Each structure stands twice: as C-alpha cells, then as structure tokens.
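Chain by chain, the residues:
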Amino acid sequence: MLPSTEFVPCNLCGSQTATVRYTDVKRIDTQLTEVVECDGCGMVYLNPRLARLVDNFTMNEAYLREHYLPYYQKIGILTPTLELDAAANDQFHQSALAEMQPYRELNRVLDVGCAIGLFLKAARADGWDCYGVEPSHALAEYGRLHLGLSITEGELGQAGFAQNSFDVITLWDVTEHLLDPKATYRLVYSLLRPGGLLLLRMPNWQSLARELLGPEWDMFVTDHFYYFTPDTLTLLMKQTGFIPKKVGADGLVPSELDAIVEKLGPDAAAEAVARLQGDTGNGRGSTLLAAAQKPRSRRDRMKMAGQLLRRGELSDLTAEARTYLRWFLADRRG
Ligand SMILES: [Zn+2]
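Quick caveat, the model's predicted, so the values are computed rather than measured.

(A) The arrangement of the sheet that holds strand β8 (residues 151–153) in detail. Judged by pairing direction, the sheet is mixed, and its seven strands sit side by side in the order β8-β7-β6-β9-β10-β13-β12 without closing on themselves. Strand pairing shows two members of the sheet lacking a second neighbour, β8 and β12 (243–250), which therefore form its edges. Geometrically, the sheet is characterised by an average inter-axis angle of 15° between neighbouring strands, direction not taken into account. In this structure, strand β9 (residues 166–172) lies alongside strand β10 (residues 192–203), joined through six bridges in parallel fashion. Its bridge partner being in β10, F166 is matched across the sheet by L192. Running over the sheet, helix α3 (residues 118–125) touches β6 (108–112), β7 (129–134) and β9 and is turned about 170° from β7. Against the sheet, helix α4 (residues 137–147) touches β7 and β8, its axis set at about 155° to β8.

Structure below.
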C-alpha cells in the first residue's frame, strides 16, 4: 500500500499558491516529484508530500545498511569495516566547536537529528555534555551502541528536554527534512537558554550546482521537504524569534563536482569552481551555513527593533513586533 500524502500551504507565509519549478526530479523513489516555489515569499518545497515522516524509507533498518553507512564509507567517514575515521569530518566539527566556545555557560549542547552522533562525539571530546535526538531507531541505536552517546529516539517535541536548558543547539542537514520547520524552530528557541546559539547546515537552493544540474541535482530526494535560500532561511530565523548572526554558502561538494563533470564536461566544472571562488560566487555554494542567537533579554529585542527601524526594514519590523508580543505573553504566562 502506498503511504498517504498531503498538500500543504507554504510553511513560512501560509500562501496556498505556488509555481511548479521541477516535475521530473531524480529521486530514490518516484512517488512524489513536484518541487514548487511559493508565490508569496519564494520558499521552495515539495508538494504534495508524505503525510508522516515515519512512512519514509529512510526510517527503516534497510536504509541504514544499504544507503547511510555505505555513503559514510564513500565519503571516508567510516572505513570499509565500519570503523570511524574521525579525522575525515574533523575540520567541520572543529570549526563549529570553535564557534560554540564563547557560549559555554551550562556546558550543554543538543544535536537535533544527530543520526549516529558523529558531531556529538567530537563535542564530547571537547568537554561538552552532549545530547542527541534522532527519529530513526536504526541510527539512534547505532550511536548509542557503537559511540556510547545519549541519543533520545523520536521527535524533538516528545524528548522531554527542559526549557532554556542548552547553550547551543545544532541542526546539521536537518531543516530540509522537517515537516514543519517553523514549529521545530520555535521549539528549539524554547529549549535554548537566553543568549544561546543556534547552528545550522542545509542544502542551498540558490546554489550554482542546482542551477547546472537541474532535475539531476543530488539533493532531490523523497524526504527533503524544503529547499532554502539565504533569504528564506533568514526569514525563518526571524519569524521564530532568532537574531540571525550569519548566513553564507561557499564551495562545491565533491559529489556535485563529479556530477557536473559527468553532465557538462570538465570545462564547465572548472568554470563553476572559478565562479564560486570569485566574487560572483557569493551565496551560490552547495551548502548553507548559518548561525543565530536567542535574544538574551527584552532589551536585546528592543535594540534589534531599533536597528530594523533605522535601516527602514519595515516588514521585518512588523514580524519582529509580532514575535516580541508572543515572547512577552509567553513570558508572563510561564
Ligand atoms: Zn511563502
């Protein structure tokens, strides 16, 4: 029996109207194939889509064995005998850990959608108290058994973490998998302590690789429900109360470079690399990396509103005023 699907409005602005961008994308399965762009705010998403995350094939054991672990082997994080090669992913982890250092007060970090827990393993070595949450039983169990990590199985909302209890929350390659990014970001906001840091990584819709590869872009898979640009990600962070600190996208991931060589030839690939290294490459890299902060105090929020007003960013100011009101009321209730 086919899993149930649903049509959804735009998660960011609620608009029901959208323009179809791709109808024939390459996917691991072929049931759900329309990628649309919201006419209201430019958010790109899959519609229709699976109604329940648990129906996705990535949730089962076979996915771990047939796709996930072989992929980690392919990119060198796991050896052929499934031993960890920590060095392979270390550069990224170390730069994230350096960014986290100034935020260490409670010494607690939460990785949402932590998979087998490779980032948490690096954070633990850096002295952090580490917590993970992961919806896939197979991945969570692998991390608990092989890496000895504390990984709660299931959705973030059911994990039972206390409000304001983490210095840092990370979502690496997770936002694109969420059925309701806005709701999850609000939840993350409540779990972060005031002044805490949110770190994000996800595929970049605006990337040169997506433009060149079109429907053959590697990121078109069944459980990538959303595709963000620097602008739509900034909007999501602001709408959920965060103060964006940086949003950027550099570089080209090796598998995309290979795909460009295969589809368009080595000259096109060399030109793409040159474009991304030059000034014109700004924001067109493969992967969005972003950081945002939860305001520390009411005064922080007022300061942010003042900046928006001075810069004439009135629509952002309206969104900020709404967020402030929600924040103020929740504060009084709680
Ligand atoms: Zn929209």
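(B) View of the sheet that holds strand β4 (residues 44–46). On the basis of which strands lie adjacent, the open sheet formed by four strands has the order β2-β3-β4-β11 and antiparallel pairing. In the strand order of this sheet, the two ends are held by β2 (18–22) and β11 (226–227), each with one partner. Examined bridge by bridge, β4 and β11 share two bridges and lie antiparallel to one another. Across the sheet, the residue bridging to Y45 is Y226, located in β11.

(C) Examining the packing of helix α8 (residues 254–264) against helix α9 (residues 266–277) more closely. Two elements in contact, α8 and α9, have axes whose closest approach is 7 Å; the angle formed by their N-to-C orientations is 140°. As summarised for this structure, α8 and α9 are arranged oblique, according to the angle between their axes. Of α9, the residues touching α8 (which contributes L257, I260, V261 and L264) are P266, A268, A269 and A272. For the contact of α8 with α9, a count of residues per class yields eight nonpolar, no polar and no charged.

(D) Quick look at the packing of helix α2 (residues 90–100) against α3. Here α2 crosses α3 at 55°, and the two axes come no closer than 10 Å. Taken together, the axes of α2 and α3 lie oblique to each other. The way α2 lies across α3 gives a crossing that is right-handed. Where α2 approaches α3, its residues D90, H93 and L97 are matched on the opposing element by F119, A122 and A123.

(E) The arrangement of the pairing of strand β13 (residues 287–293) in detail. Among the seven residues of β13, six are classified as buried, and the element is accordingly described as predominantly covered. With seven bridges joining them, β10 and β13 adopt antiparallel strand pairing. Paired with M202 across the bridge in β13 is L288. Two strands pair when backbone bridges link them, and β12 and β13 are joined in this way by seven bridges, in the antiparallel orientation.

(F) Structural context of the environment of C130. Note on placement: C130 falls in strand β7. Residue class for C130 comes out buried when judged on the 23 C-beta atoms lying within 10 Å of it. For C130 and V109, which are 21 residues apart along the polypeptide, the C-alpha to C-alpha distance reads 5.3 Å.

Reading the values: the criteria
Residues numbered from 1 in each chain as written. Predicted model: local features only at pLDDT ≥ 70, side-chain atom pairs only at ≥ 80, totals over all residues. Pairing = 2+ DSSP bridges. Helix = DSSP H or I, 4+ residues; strand = E, 2+ residues; numbered from the N terminus. Axes fitted to C-alpha atoms, helices over the stretch in contact; angles between N-to-C directions. Contact = placed C-beta atoms within 7 Å. Parallel < 35°, antiparallel > 145°, perpendicular 65-115°, else oblique. Nonpolar A, V, L, I, M, F, W, Y, C, P; charged D, E, K, R; others polar. Left-handed = near helix turned anticlockwise from the far one by under 90°. Buried ≥ 20, exposed ≤ 12 C-beta atoms within 10 Å, placed from the backbone.

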